[in-house]
Amino acid sequence: MRVLTVLAILFAAPAFAEVGKIEINPPAQGSVTRAEGLQAFDRIYEVASHPRCSNCHVGASNRPMWSGPSYGKTRPHGMLVNAGESRIGAEHILCSTCHVNVEATERGNNVPHAAPRVAADWQLPPVEFEWFGKTSVEVCNQMRDPERNGDRTYLDIASHLDHDVILHWAWEPGGGREPAPYSLQEHVNDVLAWGVAGMPCESD
Amino acid sequence: MKLSVNGKSHDVDVENDMPLLWVLRDELGITGVKYGCGIAQCGACTVHIDGQAVRSCQIAAGEVEDAEITTIEGLGQPEALHAVQSAWIEHQVAQCGYCQSGQIMQAASFLQLNDEPTDEDIDFAMSANLCRCGTYPRIREAVKTAAKTLRGA
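What counts as what
- Residues numbered from 1 in each chain as written.
- Chains lettered and ligands numbered in written order.
- Predicted model: local features only at pLDDT ≥ 70, side-chain atom pairs only at ≥ 80, totals over all residues.
- Heavy atoms only, no water.
- Phe/Tyr/Trp six-rings, centres within 6.5 Å; stacked < 30°, edge-to-face > 60°.
- Helix = DSSP H or I, 4+ residues; strand = E, 2+ residues; numbered from the N terminus.
- Buried < 20%, exposed > 50% of the residue type's maximum accessible area, 1.4 Å probe, protein only.
- Disulfide = S-S within 2.5 Å.
- Axes fitted to C-alpha atoms, helices over the stretch in contact; angles between N-to-C directions.
- Parallel < 35°, antiparallel > 145°, perpendicular 65-115°, else oblique.
- Left-handed = near helix turned anticlockwise from the far one by under 90°.
- Contact = heavy atoms within 4.5 Å.
- Nonpolar A, V, L, I, M, F, W, Y, C, P; charged D, E, K, R; others polar.
- Salt bridge = Lys/Arg side-chain N within 4 Å of Asp/Glu carboxyl O.

A.B. asks: Just to check I follow, could you spell out the packing of aromatic side chains for this structure?
C.D. replies: Remark: the centre distance and the inter-plane angle together describe each pair of aromatic rings, the angle taken between the planes. Residue and element names in this part refer to chain A. Taken as a whole and assessed by the stated rule, the structure comprises three aromatic pairs over all chains. Centroid distance Trp122 to Trp169: 5.2 Å. Interplanar angle 80°. Geometry classified as edge-to-face. Here Trp122 is found in the loop between β2 (75-76) and α4 (136-143), whereas its partner Trp169 is found in helix α6 (residues 165-169), with 47 residues between them in sequence. Residues Trp122 and Trp169 agree in their burial class; the two are buried.

A.B. asks: I would appreciate a short explanation of the state of the cysteines in the present structure.
C.D. replies: Each disulfide consists of one covalent bond between the sulfur atoms belonging to two cysteines. Applying the stated criterion across every chain, the model contains one disulfide over all chains. As a non-bridged cysteine, Cys98 of chain A has Cys57 of chain B as the owner of its nearest cysteine sulfur, 8.0 Å distant. Look at Cys98 of chain A and you get buried, because its relative accessible area is 10%. With no disulfide of its own, Cys42 of chain B lies closest to Cys37 of chain B among cysteine sulfurs, the gap being 3.8 Å.

A.B. asks: Looking at this structure, I do not really get the packing of helix α2 (residues 34-48) of chain A against helix α7 (residues 184-196) of chain A. What am I missing?
C.D. replies: When two helices pack together, their arrangement is given by the angle between the helix axes and the distance between those axes. Residue and element names in this part refer to chain A. Close contact between α2 and α7 brings their axes to 8 Å; oriented N to C, the two are set at 140°. Accordingly, the angle class assigned to the pair α2 and α7 is oblique. The element α2 and its partner α7 pack so that their crossing is left-handed. The segment α2 lies against α7, with Gly37, Ala40, Phe41, Arg43, Ile44 and Val47 engaging His187, Asp190, Val191, Ala193 and Trp194. In the contact of α2 with α7, the residues fall into seven nonpolar, two polar and two charged.

A.B. asks: Is there a simple way to think about the pattern of salt bridges in this case?
C.D. replies: In a structure, side chains of opposite charge can pair up when their charged atoms sit close to one another. Evaluation of the coordinates by the stated rule reveals eight salt bridges over all chains. The residue Arg43 of chain A makes a salt bridge to Asp190 of chain A at a minimum N-O spacing of 2.9 Å. Here Asp190 of chain A lies in helix α7 and Arg43 of chain A lies in helix α2, a separation of 147 residues in the sequence. Taking the relative accessible area as the measure of exposure, Arg43 of chain A reaches 28% and is therefore partly exposed. The buried category is assigned to Asp190 of chain A, whose relative accessible area is 8%. For Arg140 of chain B, the salt bridge goes to Asp119 of chain B, with nearest N and O atoms at 3.7 Å. Here the residue Arg140 of chain B occupies a position in helix α6 (residues 136-151), and Asp119 of chain B occupies one in helix α5 (residues 119-126), the gap between them amounting to 21 residues. Look at Arg140 of chain B and you get partly exposed, because its relative accessible area is 27%. Ionic contacts of the salt-bridge type, sharing partners, join the residues Asp119, Asp123, Arg140, Glu141 and Lys144 of chain B into one network.

So, in structure tokens, the structure goes:
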């Protein structure tokens with residue numbers, strides 16, 4: 001197996017690119033109530049559970065999903081795609097075989113049924129970021145758990161949303177695909193409000 | 001722009017966003033690579049970019065100016081076939097043959113990642129390359145034979 005070599009090469013390349021026009025302006029500390037924080041998380045969950053996001057936020061099956069308005073019914077990604085433990089397909093077929101890294105995100109993405117492309121290496125999020133089929137409480141508890149959120153504060157999460165171009169794509173997917181709800185800026189604002197409220201979950 | 005294909009440099013006068021597949025076939029006359037669907041659903045247009053299998057219908061020519069592009073014509077030569085090509089002949093994989101250059105390029109790339117594949121690994125790796133003739137069982141056997149050759153077993 002030469003997977004580790006391939007991984008080293010792939011991750012040596014910049015995974016993220018500066019594309020942001022997003023402002024990260026958290027509300028003043030103490031200005032967001034718990035109730036308002038929970039309302040913000042309800043909207044965050046609408047985004048997290050939307051097919052545009054949850055289709056790739058899958059668990060240990062390592063199989064991305066096809067679901068949402070343009071797919072008819074929920075099913076695993078066609079072609080028996082399995083991204084493997086590498087989450088980039090290095091064990092079998094790299095995601096970037098079809099989801100090629102291109103600079104111009106608008107090019108090609110407007111073609112229905114074609115593989116979406118961004119200026120980054122296509123990949124699944126880490127397995128502990130599993131959202132597909134998870135409840136609001138489950139996603140909430142994962143998102144605030146440093147052990148399962150990449151050791152991120154709410155400010156780090158907002159910054160991550162700004163800098164990961166795959167996440168930007170979710171709001172401009174093209175090709176007749178339904179975008180994630182709200183706007184990326186509104187989603188970032190909700191993350192910041194939820195964070196300032198103390199990252200509350202309904203289960204608290 | 002300059003493109004390096006099969007170890008040879010080519011000057012081509014094309015728009016940056018012309019798909020690599022079009023450049024290879026229509027501008028350079030390299031026709032081993034095939035057009036199937038144009039949307040990365042079939043794998044017939046698979047070539048290697050710096051050794052990695054990619055769908056050439058999805059890549060703009062301008063994106064690969066600094067890369068080494070390899071097509072089926074450059075994978076091996078009649079007198080020195082690549083292990084995957086030899087295995088394809090040994091198992092008589094091809095029927096109509098249209099998808100086979102893509103299949104071979106995908107298999108060669110896959111075996112660089114994993115030269116001890118299980119049947120399941122092979123199915124995961126090769127299922128994005130469609131074959132309307134249904135040669136899948138022979139593709140699987142040929143990939144196993146090629147893997148054995150590449151391991152030197």
